Amino acid sequence: MHLHTFLSHLQHHPETIRPSDWEVNWNDAPLPFKQYILPKIALSMEIPLDLKRESSHIPTIDEIGYFLWYIYGLTKIIHTSYPIKEEQYTLRRFVPSGGALYPNELYLYLKTKDIPNGIYHYDVSHHALVLLREGNFDSFLAEALGYQCDISPCFATVFVSVFFWKNFFKYHNFSYRLQGLDSGVLLGQLLEVAKQIPYQATIYDQFLDEAINHLLGLSTNQESTYAVIPLSLTPQKTHHLSIKQEHITSHELCVSLPKIKHPYQMNSKKILPYPEVEKIHLSSIQTTTENFCDSKSICSPILHRNKCITLPPNQTSSLSFYTICQNRTSPGQDFRFGSISQPQLATLLQKTMEHDLHHLEHYFSDLKLAGYLHQVDEVPKGMYTYDVQTHSLHLIQEGNFHVHLQQCLTDAHINLFQTPICLHIIGDPIANQETLGPRSYRMQQMKTGILVQRLLLIASSLGFGGHPLLGYDAKSVDQLYQLDGTKQTSLIQIPIGPFQRYGQYEGSLHA
Ligand SMILES: Cc1cc2nc3c(=O)[nH]c(=O)nc-3n(C[C@H](O)[C@H](O)[C@H](O)COP(=O)(O)O)c2cc1C
């Protein structure tokens, strides 16, 4: 299948890219975490409820552990009164993930005093670090990033990878869409956690993929890095991509460092091939810094009439960051009827779209937040977009659309009659394709995921639940936003509202 057709089907007709007789072999499912068969450095489970830190010293290994646990650690055990698959519990994290399969893995390049400098894997299941490669890799990393960043002052660099089989085994080719979104959600959580401490974190989504994978000991067609995030205590200098440097290739870097290949377990006895995902992935990787380019965020505005509602100032939450993370959940069937006030809506929309990190200022400018507002105090029911510049709602069409939206759901386990608002993130899924090729798709999915996690955390800070979902007919929803004839589409749907947990029992997983 041609790459463009594949991406178009992935976005608009996902049912066509998965064989109709695809059966999920749950008996040979992979673990949701990778376990290296190597010595582990245990991290403290005495996780503080407040992450704020005054010290200007390089973080200790325990502090690195707290940071990792808040981002991707096992935080909850959920028991249900009805069995999910054959088990009666699932392990959850502060981030949502399509099908709770968590296709990402975290790696770190660490330069702390407590343990040797080098490349580590975060073993989620044991809350431990595993040393994969010892040494100083500042210059290797700086070159693999095309000198976009000064690595030497950074005490650590995080690598977010995707292990393709972890969710391909269930979703087949549709996994490719989820992998980008899930990576973004994880990046969104990383940025929020870093802000709490505070650490300075900058996301790089352009780098020499094979060189970075070589450094971590990954096989690019099996597991590949999607984002590189250097961490520092003081603001980082980022260099503009358009400043032309001498070109560096992945090949040059790979031959300069010995290969590593460590044993690990994932439990699946048989890993099926995924030729389409592999093809699109391999065509997305950057092999020379010559491929790097500035992504121009061109925003194509959604058509709207002039009627607009200026929103009131936003609210601050008294809940701690820990409580906000712990309360975040995808309510599914547990939404209950309720309304949202205008200040609450204003908080949700503004805090999601406003960015205090300077390097993110224009990053999201080609994505829009829009929604069907159904039960918002003194706001007529209808389809709206949000304009962050004027902090106002723009009406697209007034009316009652929850029957339409309910019928658009492919799996009717969420009752949209109950949720006061149903939001969408709108954008062009292949924005910047002319300059970045197919990589633009995964970059756009990651950006969307970052916004999703911000939105979910803000919803949680207001006492609401938000349920991200892709199981809906996007073409039909796009009609409500009058997107026909534009390149824009609804990239993800997130109903938000009050909820009450029934039939499930939660336990925290920390000391
Ligand atoms: C990118 C993404 C897509 C998702 N798509 C769906 C979906 O189509 N249907 C659904 O019921 N849940 C969907 N979810 C929600 C997950 O199933 C949910 O996050 C997971 O089961 C973990 O539960 P938790 O969010 O309560 O921690 C999605 C989540 C993400 C991050």
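All figures in this text were calculated on a predicted structure; none of them were measured in a lab. Counting starts from 1 at the beginning of each chain's written sequence and moves along it residue by residue. Totals for whole chains, interfaces and linings use every residue, but because this is a predicted model, local features are given only for residues with pLDDT of at least 70 and side-chain atom pairs only at 80 or more, for both listing and counting. In computing side-chain values, all of the structure's heavy atoms are included and hydrogens and water are not.

**Concerning the packing of helix 5 (residues 175-196) against helix 13 (residues 439-461)**
Helix axes are fitted only over the stretch in contact, all axes being lines through C-alpha atoms; the angle between N-to-C directions runs from 0 to 180 degrees. Here a helix means four or more residues in a row that DSSP labels H or I, a strand means two or more in a row labelled E, and each is numbered from the N terminus. Following both chains from N to C, one finds helix 5 and helix 13 inclined at 50 degrees, their axes separated by 6 Å at the closest point. In this view, helix 5 runs oblique relative to helix 13, as classed from their interaxial angle. Between helix 5 and helix 13 the crossing geometry is right-handed. For the pair formed by helix 5 and helix 13, the contact residues are Y176, R177, G180, L181, S183, G184, V185, L187, G188, Q189, L191 and E192 on the first element and Y441, R442, Q445, M446, T448, G449, I450, V452, Q453, R454 and L457 on the second. In what follows, roughly perpendicular refers to angles from 65 to 115 degrees, roughly parallel to angles under 35, roughly antiparallel to angles over 145, and oblique to any angle outside these ranges. It is the rotation of the near helix from the far one that decides the hand of a crossing: anticlockwise by less than a right angle makes it left-handed, clockwise makes it right-handed. When checking whether two residues touch, look at their non-hydrogen atoms; a contact exists if any pair is within 4.5 Å.

**Looking at the packing of helix 10 (residues 342-353) against helix 13**
Each pair of packed helices can be summarised by the angle the axes make with each other and by the distance between the axes. Viewed as axis vectors pointing N to C, helix 10 and helix 13 meet at an angle of 145 degrees, and their least axial separation amounts to 9 Å. Considering how the two elements wind past one another, helix 10 and helix 13 form a crossing that is right-handed. Across the interface between the two elements, T347, L348, K351, T352 and M353 from helix 10 touch L451, R454, L455, I458 and A459 from helix 13. Three classes are used, and their members are as follows: Ala, Val, Leu, Ile, Met, Phe, Trp, Tyr, Cys and Pro are nonpolar, Asp, Glu, Lys and Arg are charged, and the others, Gly among them, are polar. Its residues placed into classes, the contact of helix 10 with helix 13 shows 6 nonpolar, 2 polar and 2 charged.

**Topic: the domain arrangement of the protein chain**
Start and end positions for the domains come from either an automated domain assignment or a database one. Segmenting the protein chain into domains produces domain 1 (3-291) and domain 2 (308-508). Distance from the C-alpha centre of domain 1 to the C-alpha centre of domain 2: 25 Å. Taken together, the 55 residues of domain 1 in the interface contact 44 residues of domain 2. Carbon and sulfur atoms supply 60% of the area buried between domain 1 and domain 2, which totals about 4,400 Å² over both sides. Basic side-chain nitrogens of Lys or Arg form a salt bridge, by our definition, when they fall within 4 Å of a carboxyl oxygen of Asp or Glu. Seen at the junction of domain 1 and domain 2, the total is 3 salt bridges. One salt bridge connects D209 with R439, and the closest N-O pair in it is separated by 3.0 Å. Polar contact is defined as a pair of N or O atoms within 3.5 Å, subject to the rule that within protein one atom must be able to donate a hydrogen and the other to accept it, and that residues adjacent in sequence are counted only when both atoms are side-chain atoms. Between the two partners, domain 1 and domain 2, sit 16 residue pairs in polar contact (both at pLDDT 80 or more). For the side of domain 1 that touches domain 2, the secondary-structure elements that each account for two or more residues are helix 1 (3-12), helix 2 (61-72), strand 3 (76-84), helix 5, strand 10 (223-232) and helix 8 (275-284). The element contributing the most residues to the side of domain 1 that touches domain 2 is helix 5, with 16 residues. As a working definition, buried area equals the accessible area (1.4 Å probe) given up by two parts on being put together, with both sides summed.

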